[in-house]
Structures are given as structure tokens and as C-alpha cells.
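Secondary and tertiary structure notes
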Amino acid sequence: MVSINKKILELKEAVSRLSHQQESLSEKLSAFNPNPDLPKELRESFASVLSQQSVDIIKEIEFHDFFNNQPFESLQVYLQEESKNLHREETEKDCVFITGRYRTGTTFLYSLFSSLENTAVFYEPLHPNLLEYLDKEQNVSEQLKALNGHTFKGNYFEEYKVLNRKILFSTHQREFSSRKLIMSTVDSYYDLKNYVSFLTRSLPDIPLKVLQFNRVDFRLGWFKKNFSNALIVNLRRNPRDIYASYRTVNARNTSENNEQEIGSLFYLDDYISILGRLSIPQICVQQMNTYEKIYFLNQLSNLWSDYFADIILDYEELVEDPVGIVSRIASQVKGFEPNWKSEILAAKKDRINVWQEYHENSWFLKCESKCDNLIDQLLFPSRTNKFPMIIRSEYEQAQSQLHQTQEELEESQSQLYQTQEELEESQSQLHQTQTELEQYKAQLQSTQVELEQSQSQFHQTAASLEEYCSHLHQATAMLEEYQSQLHQLETLWQQSQAQYHQTQRELQQSQAQYHQTQRELQQSQATAVSGSIPSNSTGITAVSGSIPSNSTGITAVSGSMA
């Protein structure tokens with residue numbers, strides 16, 4: 001026993017360190033860009049696995065802690081002992097805790113209190129997605145309200161927006177909805193107590209705070225012990241109609257109305273599994289249909305509220321007289337008078353005895369009889385000669401599971417250290433990337449300046465080019481005109497050349513005649529010297545008389561050549 005207690009303490013301390021390391025890791029992961037070599041999806045998936053491992057280890061340790069410290073002989077004895085641990089003196093009530101199973105009308109009662117003046121009403125404070133819904137748009141809330149069959153005004157969790165956001169985000173935890181689902185009056189859960197205390201003490205100018213819970217059935221003793229100033233109001237409903245409501249909501253949320261999905265949709269399987277580990281072996285999720293799970297949990301929830309609730313209400317009387325019920329509850333709160341600030345929502349009176357649409361009465365009776373026998377064994381195990389809730393073999397099994405849990409914890413720590421090293425490397429790479437990015441920005445700015453200068457030069461060049469093109473068109477026109485004149489000159493040149501060649505031929509002929517005439521003259525002169533002078537003189541005269549004519553011809557030719 002001592003070794004087990006010591007082991008549990010050591011594991012608790014290790015898990016606490018691991019949780020703080022994981023919170024630090026999550027903050028760093030969200031604050032820095034991911035390592036380029038490690039995709040964002042992979043890092044987030046890895047962190048999620050580590051977080052889930054931590055939650056599983058914590059649940060395992062808490063179960064064994066509860067298992068080791070609750071050696072009660074029966075459920076009845078346990079509840080009786082729990083009630084003895086409560087304060088017996090009357091405490092004035094200044095806030096209201098609405099409790100009940102899912103689909104019992106707690107949301108309708110929440111909407112009624114929302115219609116009162118000087119009242120702050122908080123919807124499902126332990127909801128795992130509370131913080132996420134704060135930033136969702138109105139149309140998302142309207143769609144979800146339609147799926148869940150809720151008709152209250154405003155968005156889900158709208159009332160939380162007026163609170164101190166920093167404190168709200170630092171105190172609320174998703175695990176409130178799934179950790180320590182069964183708690184005793186002597187259990188310690190500081191984080192939950194701190195968070196609920198924050199809600200009840202917020203908005204000091206508003207006299208009445210109302211918190212509507214759906215996840216505290218088997219924690220009522222703890223709430224009663226730690227919040228003696230709260231008026232605990234338990235709302236009940238015919239489990240057959242709860243089953244019908246589950247079926248209706250499940251049909252809206254799924255494409256096929258698969259009854260098997262209801263167990264996970266409303267956490268039925270989680271509660272049954274935990275209760276099964278603390279009780280006789282017959283309680284098993286796989287051996288119970290949906291209605292049996294609903295009825296079994298509903299009856300056990302009623303047992304807890306019988307011991308710890310201040311006011312017990314039926315859904316049927318709530319829808320019949322909603323104003324009277326609210327007044328009845330408010331009368332138990334010190335110095336509060338209910339005043340309606342808006343019209344209340346109409347009650348759904350048509351949702352009573354709708355179970356007949358699904359199964360015959362005999363089917364429901366058979367399921368109820370089976371669960372009543374199980375509950376009877378829980379309350380009075382000696383009557384059925386069954387094993388007590390805590391037996392030696394299970395205790396030894398718990399020791400083995402603790403060893404396995406420690407190994408898983410060490411493995412998780414090793415993975416966490418590795419992830420932290422990768423994160424540090426990512427941070428180094430990030431700083432380097434940021435430096436390169438700043439250099440790139442500087443280069444980009446320089447490039448932009450150069451680009452602007454280039455654009456200016458481009459505009460100037462474009463203007464010059466347009467002017468040049470204009471001159472080019474003019475030059476082209478002049479060139480065409482010059483080409484036309486040149487063609488005419490070529491034609492004249494060709495004609496002149498033809499005349500020149502013609503004149504040359506005539507000149508050559510004249511020169512030939514001239515040379516011929518000279519030869520004849522020379523011959524004549526020679527003849528004249530040797531012959532008779534008169535005769536020759538005549539010849540010479542004739543020749544001489546012909547020379548002027550030739551000279552005239554030569555002159556004419558020369559004039560033509562000129």
C-alpha cells in the first residue's frame with residue numbers, strides 16, 4: 001500500500017512537470033513559425049499526441065488514486081459517508097447551480113433566468129469548446145442551436161464576453177469536461193475550484209449568478225462541499241423522453257440516424273466505462289444499448305442528487321409553470337426578487353411522452369429491469385453475493401498498470417525533450433530567416449527605387465522614341481521623293497550616255513575622214529612637188545576648199561561633246 005501511494009505521488013509530480021512543459025511547448029509552437037524541415041501539420045499532430053498522452057496518464061493516475069482511497073463496500077454506503085462530510089450548518093445562498101443530465105431541460109431553465117434583471121447566467125461553464133465559441137460568428141451559433149433544438153436568444157457563451165478575457169482564458173481548461181468525472185467531497189481539484197470561483201465572484205454589481213451545468217452529476221458532493229453558498233438545483237426528466245430527444249438531436253447531426261453514434265455524442269460511453277471500472281464486472285458499454293445507458297446513468301445521477309441537491313425539479317412541472325418554478329428557486333436566494341426584463345420563451349409541452357414513437361412499452365420495461373438489477377447490485381452487493389466494488393485482483397492489476405503508466409510517462413518525456421530540441425533549432429533558423437528577410441526587404445526597397453528611376457527613364461525614352469518616329473516618317477517621305485527624282489535622273493543619264501556613245505561614233509567617223517583627208521592631202525602635196533604646180537595647186541585648192549568644211553564638222557562634233 002505504501003509503495004503504491006508513493007508511486008502515485010511520484011507519477012503525479014512527473015505528470016505535473018510534463019504538463020507545464022507541454023504548456024510551454026504549446027505557447028512556443030504558437031509563437032514561432034514552424035521549422036521548414038518539420039511541417040506545421042506534423043508538429044501540431046505531434047504536440048496533440050503528447051497532450052493526449054498526458055491526459056490519458058492523468059486520468060489513469062486519478063482513477064487509481066480514487067480506487068486506492070475509496071474502499072467503500074457499496075454505493076449506498078459511499079453516498080452516505082459522503083453526505084456526512086458536508087457542512088451541516090445552514091449557509092445563505094447567493095448563487096444558483098443548475099444541474100442535470102443532457103436533454104433534461106437545463107438549457108430552457110437557463111433561458112428563463114436569462115430573462116431576469118440583475119442576473120448573470122453562464123451557459124455550460126465546463127464545456128470543452130467554450131473559449132473557441134467566443135469568437136465564432138452569430139450564424140454559426142444559430143446553426144448549432146438549430147441542430148441541438150435550443151431556442152434561447154443570443155449566441156452560445158455570449159455572456160462570457162463581458163468577463164475579464166485574460167483571467168477567463170487562463171482559468172478555463174478543456175479537461176474540466178473529461179477529467180475527474182467522479183469526485184468525492186474530500187478530493188482536491190484546485191484549478192476547477194479557482195475557475196468556478198472566478199465566475200461566481202465576477203460582475204460584482206450583478207447580485208445573482210446562475211451557472212448551468214451538464215457535466216457534474218457525479219461531482220455534486222464535491223461542488224456541495226466547496227461551494228456551500230450555491231443553491232444546487234437538479235432537473236430531471238422521464239428517461240424515455242430523454243432517449244427520444246437524443247434520437248432527434250442525433251438525426252439532425254448525422255446523415256443517418258445511427259443509434260450507435262449517440263453513445264459518443266453525449267459522453268454516455270465515457271461515463272459507463274468509468275463507472276464500470278469502479279463497480280461489478282457486468283457494467284460494460286458493449287453490453288448495453290443506448291436506452292440502457294441513458295436509463296442507467298439517469299438513475300445513478302438521481303441517486304447523487306438525492307443526497308446533494310437542494311431543489312429537485314421535474315421537466316414536466318417546469319414546462320407547465322416556468323414562471324412559478326423560477327420564483328420558487330429565486331426565493332431561496334438571499335435578498336433577490338425576480339423581475340422579468342423580457343418575454344420568456346414558450347415551453348415545449350409537446351415533448352412529453354414522445355417515447356412511444358420509437359418502441360413499445362414492453363421494450364422499455366425490459367431495458368429498465370436489466371439496469372435496475374445492476375443498480376441494486378451497486379447499492380447492495382451483499383444481497384446478490386457479488387464481489388465488492390474493490391477486490392484484491394483489481395488492486396494488483398492497478399499496480400501493474402501503474403508501472404506501465406510510468407514507462408509511458410518516461411517515453412512521453414523523452415519525446416518532449418526531443419521536440420524541445422527541435423523547437424530550439426527552429427528558433428535559431430527562424431532568427432536567421434528573419435535576418436535574411438530584413439536584408440531582402442532592404443534589397444527590395446532599393447530595387448523599388450531603381451525601378452521607379454527606370455520607369456521615369458522609360459517614360460522619357462518613350463517620348464523621345466515617339467518624336468524620333470515622327471522624324472522618321474518625315475525622312476521616309478523625303479527619301480521616297482528623292483528616290484523618285486533619282487529614278488528620273490537615272491533615266492536622263494541613260495539617255496545622255498546613249499547620245500554620248502552616238503556622238504563618239506560620229507566623232508570617230510569624222511576623225512577617220514579627217515585622217516583620210518590628211519593622207520590624201522599629203523599625197524596631193526607630194527604629187528604637187530614632183531608634178532606640175534598648177535595642176536597640183538588646183539588639187540591643193542580643192543583639198544583646201546574641203547578643209548573648212550571638215551573643220552566645221554569637227555567643230556560641230558566638238559560642240560556636241562562639250
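None of these values were measured; they are calculated from a predicted model. (Residues numbered from 1 in each chain as written. Predicted model: local features only at pLDDT ≥ 70, side-chain atom pairs only at ≥ 80, totals over all residues. Heavy atoms only, no water.)

1. Things to note about the overall build of the chain
For clarity, the cut-off: Secondary structure elements are taken from DSSP: a helix is a run of H or I of four residues or more, a strand is a run of E of two residues or more, and numbering for both begins at the N terminus. Note on classification: 1.4 Å probe, protein chains only; a residue is buried when its accessible area is under 20% of the maximum for its type, exposed when over 50%, partly exposed between these limits. Should any heavy atoms of two residues lie within 4.5 Å, those residues are counted as being in contact. For the area figures, the Shrake-Rupley method with a 1.4 Å probe applies, and any residue is considered shielded solely by the protein chains shown.
On a plain count of helices and strands, the chain comes out with 18 helices and 5 strands. Per-residue burial for the chain yields a buried fraction of 39% across its 562 residues. Across the chain, the fraction of contacts at a sequence separation of at least 24, relative to all contacts at a separation of at least 6, is 81%. Summing over all exposed atoms, the chain offers an accessible surface of approximately 31,800 Å²; the carbon and sulfur share of this is 49%.

2. A few points about the sheet that holds strand β4 (residues 230–236)
To keep things clear, this is the line we draw: Two strands form a pair only when DSSP identifies at least two bridges running between them. All axes are obtained by fitting lines to C-alpha atoms, using only the stretch in contact for helices, and the reported angles, taken between N-to-C directions, cover 0 to 180 degrees.
Strand order in the open sheet made by the 5 strands is β2-β3-β1-β4-β5, with parallel pairing throughout. In this open sheet, the two strands that pair with only one neighbour each are β2 (119–123) and β5 (311–314). The sheet shows a mean angle of 20 degrees between the axes of neighbouring strands, taken without regard to direction. Two strands pair when backbone bridges link them, and β2 and strand β3 (residues 208–212) are joined in this way by 5 bridges, in the parallel orientation. Pairing of Tyr 123 across the sheet is with Gln 212, part of β3. Along the sheet face, helix α4 (residues 106–114) touches β1 (95–100), β2, β3 and β4 and points at about 155 degrees away from the line of β2.

3. Quick look at helix α16 (residues 361–379)
Applied cut-off: By this rule the span expected of a helix is its residue count minus one, scaled by 1.5 Å.
Across its 19 residues, α16 extends 26 Å between first and last C-alpha, which sits within 8% of the 27 Å expected from 1.5 Å per residue. What α16 keeps buried is the set Phe 364, Cys 367, Glu 368, Cys 371, Leu 374, Ile 375, Gln 377, Leu 378 and Leu 379.

4. Considerations on the packing of α4 against helix α15 (residues 322–330)
Each pair of packed helices gets described by two things: the angle between the helix axes and the distance between those axes. Convention followed: The cut-offs work like this: below 35 degrees is roughly parallel, past 145 is roughly antiparallel, 65 to 115 is roughly perpendicular, and the gaps in between are oblique. When residues are sorted by character, Ala, Val, Leu, Ile, Met, Phe, Trp, Tyr, Cys and Pro go into the nonpolar class, Asp, Glu, Lys and Arg into the charged class, and all the rest, Gly among them, into the polar class.
Their axes nearest at 11 Å, the elements α4 and α15 cross at an angle of 75 degrees. As the angle between them shows, α4 and α15 are arranged roughly perpendicular. Listed contacts from α15 to Phe 108, Leu 109, Leu 112 and Phe 113 of α4 are Pro 322, Val 326 and Ile 329. Split into classes, the residues belonging to the contact of α4 with α15 amount to 7 nonpolar, no polar and no charged.

5. Re the nonpolar core
Let me state the cut-off plainly: Working definition of a nonpolar core: buried Ala, Val, Leu, Ile, Met, Phe, Trp, Tyr and Cys residues. They are joined through side-chain atoms within 4.5 Å.
If you look at the biggest cluster of nonpolar residues, it comprises 94 residues, and the most contacted ones within it are Phe 97, Phe 113, Tyr 160, Phe 296 and Ile 329. Not counting chain neighbours up to four residues away, the residues in contact with Phe 97 comprise Val 196, Thr 200, Leu 211, Phe 213, Phe 223, Phe 227, Ala 230, Leu 231, Ile 232 and Val 233.

6. Some thoughts on the packing of aromatic side chains
As a reminder of what qualifies: Aromatic contacts are taken between Phe, Tyr and Trp rings whose centres are within 6.5 Å, Trp giving its six-membered ring; a plane angle under 30 degrees counts as stacked, one over 60 as edge-to-face, and the others as tilted. Note on geometry: a ring has a charge over it if NZ (lysine) or CZ (arginine) is within 6 Å of the ring centre and within 35 degrees of the ring normal.
This structure, assessed with the given rule, holds 27 aromatic pairs. Ring centres of Trp 222 and Phe 223 lie 5.1 Å apart, and the angle between their planes is 85 degrees; this geometry places the pair in the edge-to-face category. Accessibility assignment for this pair places Trp 222 and Phe 223 in one class, buried. Members of the aromatic cluster, joined through ring pairs, are Tyr 243, Tyr 291, Tyr 295, Trp 355, Tyr 358, Trp 363 and Phe 364. When the ring centre of Tyr 271 is taken as origin, the NZ or CZ atom of Arg 101, which lies over that ring, is 5.0 Å away.

7. Remarks on unusual backbone geometry
Here Arg 103, not a glycine, exhibits a phi torsion of approximately 70 degrees, which is positive. Along the chain, the position of Arg 103 falls in the loop between β1 and α4. Unusually for a residue other than glycine, Asn 353 sits at a positive phi of about 60 degrees. Secondary-structure assignment places Asn 353 in the loop between α15 and α16. According to the relative accessible area criterion, Asn 353 is partly exposed, its value standing at 42%.

8. Quick word on the pairing of β4
Regular strands place side chains that alternate from one sheet face to the opposite one. The element β4 is largely enclosed, with a buried count of 7 among its 7 residues. The alternating pattern of β4 places Ala 230, Ile 232, Asn 234 and Arg 236 and Leu 231, Val 233 and Leu 235 on opposite faces, both of which are buried. In this structure, β4 lies alongside β5, joined through 4 bridges in parallel fashion. Each residue of the ladder has a partner; that of Asn 234, found in β5, is Ile 312.

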